[in-house]
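Here is how the chains run, residue by residue.
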Amino acid sequence: MSSAPGDPAETAPRTTPDREPTPAELAAQQGVPARGASHYAKGSAANMARSMAVIVAITLALFFMTGRPNSTTPQSVDVPGSAQYRAQQAGQPFAYPRDLPEGWVATSVRYVRSKGDVMVWNAGYTTPDGEYVSVQQALDPGEGWVDTQTNNGARVGTFETRDGRTWTKRDREGKVQRSLVNVPEDTTELTTLVTGTGSWEQLEDFADRLAPVKVTKASGSSASPSS
């Protein structure tokens, strides 16, 4: 059917679409140019490498900003203060090395119950070359305790410190552990071990520098400022 001049032209009847338009179709209807896939969406190897580089850079920045423990520098502890406190608490003149050469670092200090219900004073140090040496003291702990602490090391000689005390040298074959043991004849005095992975020269110098703290009174307090 033709339309008369001046009459509005007939339009084809509209039908309901069978599906929702796609985003590209909606964009075309609104006069927005269709966009192609981005370079990043294409997943090229170069773009993936750039993304990984950015992620790694951010991770490293956060790592260094928040800080991290330094495994090569042991945290120093207050051995003299703890020795004085524990000596007053136990009524025993616990010892620690005085004026160690540069490079020795105190890394641990404890006063704990050990094998056979023995209370043990223990102060540990690292040497300048990264070995470990500690002093351990207990009141009449018995031969079994000494054997355990020295790892059943064989007796390989003796050593005498400047104060006149004689120490038995014990060496654990197959394992790096050397020990100096001083067991006094008087059972009211402390048995002292100097033990660790250090050389005999380091252990002997360490033992020569041991000096007891002065005990003025015994205290029953169980609190501790540092250990």
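Look up: the structure comes first, before these words.
A few points on the structure.

Parameters at a glance
Residues numbered from 1 in each chain as written. Predicted model: local features only at pLDDT ≥ 70, side-chain atom pairs only at ≥ 80, totals over all residues. Heavy atoms only, no water. 1 Å grid on protein atoms, 1.4 Å probe; cavity = no way out; pocket = protein on both sides within 12 Å on 5 of 7 lines; lining within 4 Å. Points joined across faces, edges and corners; volume = space filled by probe spheres on them. Helix = DSSP H or I, 4+ residues; strand = E, 2+ residues; numbered from the N terminus. Nonpolar A, V, L, I, M, F, W, Y, C, P; charged D, E, K, R; others polar. Expected span 1.5 Å × (residues − 1). Buried < 20%, exposed > 50% of the residue type's maximum accessible area, 1.4 Å probe, protein only. Contact = heavy atoms within 4.5 Å. Pairing = 2+ DSSP bridges. Axes fitted to C-alpha atoms, helices over the stretch in contact; angles between N-to-C directions.

1. Considerations on the layout of surface pockets
- The calculated volume of the largest pocket comes to roughly 260 Å³.
- Along the walls of the largest pocket sit 15 residues, with Gln137, Arg165, Glu189, Leu190 and Thr192 positioned nearest its centre.
- Secondary-structure elements contributing two or more residues to the lining of the largest pocket are β8 (190–196) and β9 (210–212).
- Of the residues that constitute the lining of the largest pocket, the class distribution is seven nonpolar, five polar and three charged.

2. Some words on helix α3 (residues 79–90)
- Spanning twelve residues, α3 covers 16 Å between terminal C-alpha atoms, matching the ideal 16 Å at 1.5 Å per step.
- Along α3, the residues that are buried comprise Val79, Ser82, Ala83, Arg86, Ala87, Gln88 and Gln89.
- Buried residues along α3 sit in contact with β1 (95–97), β2 (105–114) and β3 (118–126).
- With its phi angle positive at about 70°, glycine 91 sits one or two positions after the end of α3.

3. Here we look at the sheet that holds β3
- The strand order across the open sheet formed by seven strands is β2-β3-β4-β8-β7-β6-β5, and the pairing between neighbours is antiparallel. What marks the edges here is a single partner per strand, and that holds for β2 and β5 (154–160). Looking at each pair of strands side by side, their axes are set apart by 20° on average, direction ignored.
- Of the pairings in the sheet, the one linking β5 to strand β6 (residues 166–171) comprises six bridges and is antiparallel in character. Its bridge partner lying in β6, phenylalanine 159 is registered against tryptophan 167.
- Docked against the sheet, α3 engages β2 and β3, running at close to 170° with respect to β3.
- Together, β3, β4 (132–139), β5, β6, β7 (178–182) and β8 form the strand contacts of helix α5 (residues 200–208), whose direction differs from that of β7 by roughly 30°.

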